[in-house]
Structure formats: structure tokens, C-alpha cells
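Reading the structure
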Amino acid sequence: MEQLTVKTKSTSYGVHIGEKVYDLFATEYKDLLDNADKVGIFADAAAASYHLGKLEQALKKAAIPFEVHVLPAGEDCKTADNFFSCHSFLLQKNFTRQSILLAFGGGACGDLTGFVAATYMRGIPFLQCPTTILAHDSAVGGKTAINMPEGKNMVGSFHQPAGVLFQPDLFTTLPKREVRSGMAELIKHAIISDADWTESLLLNSDFPYFSAEELPAELLRGIRVKADIVAQDEFEHGNRKFLNFGHTLGHAVEAYFGFGKVSHGESVMIGMAYAFLMSEAYGGITKEFTNRFIRFANHAGYPMRAILDVEFKPLLEFMRKDKKVSSGDLVFVLLHSLGNPFTEKVSEIQCEQSYHDFVSRIKEEV
Ligand SMILES: NC(=O)c1ccc[n+]([C@@H]2O[C@H](COP(=O)([O-])OP(=O)(O)OC[C@H]3O[C@@H](n4cnc5c(N)ncnc54)[C@H](O)[C@@H]3O)[C@@H](O)[C@H]2O)c1
Ligand SMILES: [Zn+2]
């Protein structure tokens, strides 16, 4: 079992990854769970159908009683209605300020559970037990949120988990699309931190698929990048923005197609290619590199051609709504070089021009 510690100004917690990780309920997390008057598992329906037994058995073995609340699978759980029904569940089951929640699912379940934990009786602790590869990103760092009809993640808070427990054999049932989605965030962590690591991923013709032996080490590397950034800038006043690499256009693409149609990571992969193209003008990325990245992403199964018929205007509308907009310009994370990100305000007209270049580039390359 591997582990690292996330340290913020207000708290610190462990991130553990390995086959026997739920054994920690009987050891490292025993006191935390025993001291809680109630333990609630909020479980993604799909993750629960395959794997909930593993979590339940580990808790039973540690002699910890619990209640289970099954959530709609995936992004559908992040609604205001569902948020309030989670609170009703906790109230009806007599959870108190001394209770604790466990999030068992992907990033969606983790975001919702975290926000319920942040708000139930003004805040109770929670543990992240992620079941998707993408959650190597979302489960660490304490951002929690639900969606509004007007936009994604529009209501939420910062609430750090008390621990994060990854059991990698849960990832074996993930659909390929979800593996692609999670691995986009992994390569993002490489791109913003480490040129050699990025190069090794780009040279891997099997990307985004890793063997069961290789995957934990790669994920831990990604988690370390996120943990280091969160330690420096918990509330996103500075460097934490670098984690948004690829997300300004990525979120717009995801919203344009309707959440879930093109997955989060697939959209971010498109957004990263666009950010590389912009970095040709504002940073130090070469045209050859951007083209190579577009071909790499396409070869790895990311739907780069999905945007060929998409006009800029509707994407701009979504980008304007994004939290990253300041005073009429759009803010992008760009690169001086691999491992050296910076933020740049770019005018909407320039974004549009770059977008047309981007569409032509994709047509030429894939
Ligand atoms: N808080 C953060 O810092 C942060 C960062 C990145 C993303 N996010 C959020 O994370 C969410 C995306 O997370 P995600 O990609 O994990 O998506 P997800 O939680 O929607 O899960 C993806 C799909 O996989 C299914 N699933 C989950 N575990 C499974 C398993 N083990 N086997 C088979 N199927 C399984 C789910 O039911 C769902 O259909 C978005 O809502 C995004 O906003 C948050
Ligand atoms: Zn993301």
C-alpha cells in the first residue's frame, strides 16, 4: 500500500492506494469511525452494484455499523433535489454533528457527498472512497459542489476529506470511456508539472490503458502533483488555477454536448489541445508539439473530431459563465514549456481566431 499526506493550512490527511486499503478502517481510521455516532455511506448506484460488498465487508470486519444511501449513478446525483434528499435521509436516520459520511463512487458522488458533509448541521467529516480513475483528481483537494440548471459546480464549498482510500481493483469494471476520462486528468497533472513524465506518457502507445501493476504508481504521481498544489494554495488564489489547464474550453465542450455525452476528461483533452495551440502564440509550445498532441489524443480514443461541427459562439457563451472569467477577457492556463504553466487573459476575439485555427488543425491532423 502506498500513501502520501495532503497538508493544508487548516488540516492534513492521508491518501492511500493499494489492494488492502479498506483494512485501514480497522486500524488508522478506527478511532475516527468509532468516535462517530453514525456512519453513512453515500454510494454511486453503478459502483455499488459492482463493489459495495467490499466496503461493507471491511466495515463489518472492523465492527463499525453503518447506513447506506444509494445515489443515482454519475453526474445525475449532483442536483439540488438530490442534495436535499441526502439531507433528509440523514435527518430521518438521526445523524448528528458527531456523524461521518463515506463517499463511495466517482467524482460526482464525491463532490455531492462532500458538499452534504460540508453543510449537514454546519459541517461533519467525510472520507473519500473513490471508485473511478478520474477521482484521483477530484477526491483530493476539498472542492465540493452540486450543479445548477444554469451551470456546473455553481454551488459548493471547500471541505477537505478526513482521508482518501483508493482500492485500484474497483477500476476494472470502468467502461473504457471512463478510463479515458480519468487518464486525461492524469496527463494534465504530468503536463503542468513534469516534461519527462509527460514525454513517457506520450510515448506509451497503450495510453490510456495501464496494467494493474503500473496504474497505482501513475495515479500516486498524479495525486502528488495535486496535493503539492493544494498545499500551497488551498483556495485557488494562485497556483491552484494551473489545475484548470484545458478546462476553460473543456468545460464549455462538456456543457455544449450535454453533461455525460462527451465525458469530463474527454472534453478536457480537447481543451488541452486548444491550450497548446494558444501557447504557441503566448507561451513556448511549438506547432509540431500541438499537432503531435492532437494525433496522440485521437489515437488514444479521445473524440477530437467531435468539435469539428461546433461553432465558437455557443462555446463562448459557456466560457463566459465559467468561474474563470474576469472582466470581459477569458483566462487560460497556458505553457511556457511542459511543466511550466502560467495564466493569461485572452480577448474573446483572439479566442475565436484561435478556435478557427484549432478546428482547421484538427481537420489536418486526424
Ligand atoms: N472536486 C474536484 O476537485 C473535481 C475535480 C475534477 C472533477 N470533478 C467532478 O467529478 C465528476 C466526474 O467524475 P468521474 O469522472 O469520476 O465521473 P462519475 O462520478 O460521473 O462516474 C463516471 C461513471 O462511472 C460509473 N462508475 C463509478 N465507479 C464505477 C466502477 N468502479 N465501475 C463501473 N462504473 C463506475 C458512474 O456510475 C458513472 O456513470 C464531475 O462531476 C466533475 O465536476 C471534481
Ligand atoms: Zn477536471
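Residues numbered from 1 in each chain as written. Chains lettered and ligands numbered in written order. Predicted model: local features only at pLDDT ≥ 70, side-chain atom pairs only at ≥ 80, totals over all residues. Heavy atoms only, no water.

So the rule is basically this: UniProt positions are given in the numbering used here, feature names are shortened, and annotations may be inferred rather than shown by experiment.
Under an unreviewed UniProt entry, the chain has the name 3-dehydroquinate synthase and belongs to Sporosarcina jeotgali. UniProt's Catalytic activity (unreviewed entry) comment on the chain is quoted here verbatim: "7-phospho-2-dehydro-3-deoxy-D-arabino-heptonate = 3-dehydroquinate + phosphate". What UniProt records for the chain under Sequence similarities (unreviewed entry) is the sentence "Belongs to the sugar phosphate cyclases superfamily. Dehydroquinate synthase family."

Structural notes on the pairing of strand 8 (residues 151–158)
Test applied: Two strands form a pair only when DSSP identifies at least two bridges running between them. The helix and strand labels rest on DSSP assignments: H or I over at least four residues marks a helix, E over at least two residues marks a strand, and numbering proceeds from the N terminus.
The pairing of strand 7 (residues 143–148) with strand 8 spans 5 bridges and is antiparallel. Paired with Met-148 across the two strands is Gly-151, which belongs to strand 8. If you look at the hairpin formed by strand 7 and strand 8, you'll find 2 residues sitting between the two strands.

Concerning the sheet that holds strand 2 (residues 12–17)
Whenever strands of a sheet pair, they do so through backbone hydrogen bonds, lying parallel or antiparallel. For clarity, the threshold we go by: The angle between two axes is taken between their N-to-C directions and runs from 0 to 180 degrees, where each axis is a line fitted to C-alpha atoms and a helix contributes only its stretch in contact. By the convention used here, residues are in contact when the closest approach between their heavy atoms is within 4.5 Å.
Reading across from one edge, 1-2-9-6-5-3-4 is the order of the 7 strands in this open sheet, with mixed pairing throughout. The outermost strands of the open sheet, each flanked by one partner alone, are strand 1 (2–7) and strand 4 (67–71). Averaged over all pairs of adjacent strands, the angle between strand axes in this sheet comes to 15°, irrespective of strand direction. Across 5 bridges, strand 5 (residues 100–105) lies against strand 6 (residues 126–130) in parallel orientation. Residue Leu-102 lies in a different strand from strand 6, and its bridge partner there is Leu-127. Each of strand 3 (39–44), strand 4, strand 5 and strand 6 touches helix 2 (residues 45–61); the most contacted strand, strand 3, lies at about 150° to it. Most of the contacts of helix 4 (residues 107–119) go to strand 5, to which it runs at about 165°, and overall it touches strand 3, strand 4, strand 5 and strand 6.

Examining the coordination of the zinc ion (ligand 2)
Test applied: Atoms are scored as donors when they are N, O or S and lie within 2.8 Å of the metal, with 3.2 Å used for Na, K and Ca; no water is included, so coordination may look incomplete. Relative accessible area decides the class of each residue, using a 1.4 Å probe on protein chains only: under 20% of the type maximum gives buried, over 50% gives exposed, and in between gives partly exposed.
The protein atoms donating to the zinc ion (ligand 2) are Glu-185 (OE), His-247 (NE2) and His-264 (NE2), with metal-donor distances spanning 1.8 to 2.1 Å. In terms of primary sequence, the donors binding the zinc ion (ligand 2) are separated according to E-x61-H-x16-H. Here His-247 is found in helix 9 (residues 247–257), whereas its partner His-264 is found in helix 10 (residues 264–282), with 17 residues between them in sequence. Each of the two residues, His-247 as well as His-264, counts as buried.

Points about the site of ligand 1
Rule in force here: For each residue, the test is whether any non-hydrogen atom lies within 4 Å of the molecule or strand; if one does, the residue is near. We call two N or O atoms a polar contact when they sit within 3.5 Å, provided that within protein one can donate a hydrogen and the other can accept it, with sequence-adjacent residues counted only if both atoms are side-chain atoms. Only the protein chains shown count as covering a residue, and every accessible area follows the Shrake-Rupley method with a 1.4 Å probe. Polar here means any residue outside two lists: the nonpolar Ala, Val, Leu, Ile, Met, Phe, Trp, Tyr, Cys and Pro, and the charged Asp, Glu, Lys and Arg; Gly therefore counts as polar.
The immediate surroundings of ligand 1 are formed by 26 residues, with Asp-44, Glu-75, Gly-107, Thr-132 and Thr-173 found nearest. Between a nitrogen atom of ligand 1 and a main-chain N or O atom of Lys-143, the distance comes to 2.9 Å. Contact distances for ligand 1 include 3.3 Å between an oxygen atom and a side-chain N or O atom of Asn-153. Here ligand 1 has 860 Å² of accessible area as a free molecule, and 89% of this is covered by the chains. Only helix 2, helix 4, helix 5 (135–138) and strand 8 provide two or more residues apiece to the shell around ligand 1. At 4 residues, the largest contribution of residues to the shell around ligand 1 is made by helix 2. Here the shell around ligand 1 is built from residues that sort into 8 nonpolar, 9 polar and 9 charged.

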